[in-house]
Amino acid sequence: MDASRTDAYLRRIATPRPAAPTAQALRTLHLAHQRAVPFENLSIHLGEDISIDEEAVVAKLVDRHRGGFCYELNGGFAALLTALGFEVSLLQARVYGKEGHLGIPYDHLALRVRTVDGSDLLADVGFGAHSHFPLDLGERGEQRDPGGVFRIAETKEGDLRVSKDGAPEYLLEQRPRELRDFEVGCWYNCTSPQSTFTRSLVCSLVTDEGRLTLSGRTLKTTVGGERHSTELTSDREVLDTYRESFGIELDRVPADPTA
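Residues numbered from 1 in each chain as written. Predicted model: local features only at pLDDT ≥ 70, side-chain atom pairs only at ≥ 80, totals over all residues. Heavy atoms only, no water.

*Asks:* Outline the pairing of strand S11 (residues 210–215), supporting the account with residue identities and numerical values.
*Replies:* Within S11, 5 of the 6 residues are buried, leaving the element largely enclosed by the surrounding structure. Where strand S10 (residues 202–206) and S11 come together, 5 bridges link them in antiparallel fashion. From the neighbouring strand, Ser204 faces S11, where its bridge partner is Thr213. Alignment of S11 against strand S12 (residues 218–223), held across 6 bridges, turns out to be antiparallel. Bridge pairing in S12 places Thr213 opposite Lys220. The hairpin formed by S11 and S12 contains 2 residues between the paired strands, and Gly216 there has a positive phi angle of roughly 65°. (Buried < 20%, exposed > 50% of the residue type's maximum accessible area, 1.4 Å probe, protein only. Helix = DSSP H or I, 4+ residues; strand = E, 2+ residues; numbered from the N terminus. Pairing = 2+ DSSP bridges.)

*Asks:* Residue-level account of the environment of Leu214, with values.
*Replies:* Among the secondary structure elements, Leu214 is positioned in strand S11. A relative accessible area of 0% places Leu214 in the buried class. For Leu214 and Gln92, which are 122 residues apart along the polypeptide, the C-alpha to C-alpha distance reads 27 Å. Here Leu214 is in contact with Leu201, Val202, Cys203, Leu219, Leu232, Val238, Thr241, Tyr242 and Phe246, once residues within four sequence places are set aside. (Contact = heavy atoms within 4.5 Å.)

*Asks:* I'd like a rundown of the side chain of Asp107, residues and numbers included.
*Replies:* Tracing the backbone through its elements, the reader meets Asp107 in the loop between strand S2 (87–95) and strand S3 (108–114). Notably, Asp107 is buried but unbridged: the nearest opposite-charge side chain belongs to Arg94, and the N-O separation is 7.3 Å. Apart from residues no more than four positions distant in its own chain, Asp107 is found in contact with Cys70, Tyr71, Ala93, Arg94, Val95 and Asn189. (Lys, Arg positive; Asp, Glu negative; His and termini not counted. Salt bridge = Lys/Arg side-chain N within 4 Å of Asp/Glu carboxyl O.)

*Asks:* Break down empty space enclosed by the protein for me, citing the residues and quoting the values.
*Replies:* If you walk through the whole model with that rule in mind, you get 1 cavity of 30 Å³ or more. Size it by volume and the largest cavity reaches roughly 60 Å³. Around the largest cavity, the lining residues are Gln34, Val37, Pro38, Phe39, Val125, Gly126, Phe127, Gly128, Ser204, Val206 and Arg211. Looking at side-chain class alone, the lining of the largest cavity contains 6 nonpolar, 4 polar and 1 charged residues. (1 Å grid on protein atoms, 1.4 Å probe; cavity = no way out; pocket = protein on both sides within 12 Å on 5 of 7 lines; lining within 4 Å. Points joined across faces, edges and corners; volume = space filled by probe spheres on them. Nonpolar A, V, L, I, M, F, W, Y, C, P; charged D, E, K, R; others polar.)

Structure, rendered in structure tokens:
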């Protein structure tokens, strides 16, 4: 991205340009991204084409003020971080499902970020309810975060198992990849009846108090670990909530696969 595009992205997440690509700067950008850009899969249920080309991803997040899922959110965040001088590698991961079974390769995209002050960090703004701040890739003990207690463990094959609150979340391969490598994984998650994203409708943001999530017509507010739910009764309420709470302007309600 050029300087003007980078500045537009920074305005989208309401964050000034950092003086240097440091670990603290990454922490600030990481949290700001999750507070401004929703984790959402609305395009799948609106019948919209999803492209993970960098230019298309940035246009969706910045120009259209939309969110996305891992390929889009972490793909866009990688472009921003690279433009700001961070050293970024795209890593593929397989997500743990029910009963601990691993999903397909390229099921998830996460980022390895190295900073000028020597930190080697796992950045992930595209896994939904995950860590608010980057995790230390070299730390093997507990890492406490507002989003939970995380642990990174190395397997005998050299992969990294990322766990939250004692449960494995995904298995991360350390070999760097390119964004186009994730196209098949993206296609699967957008089309397969077995995909979580085709079977659910979600839009979620980190808030100052916790998290706000709209699942279908159910608005869930999490504050201090306590969750409160409100049922929206009309299409107008749903569209107003997308606009007012998530900054997403839609002309129709996405189809709810659970309805």
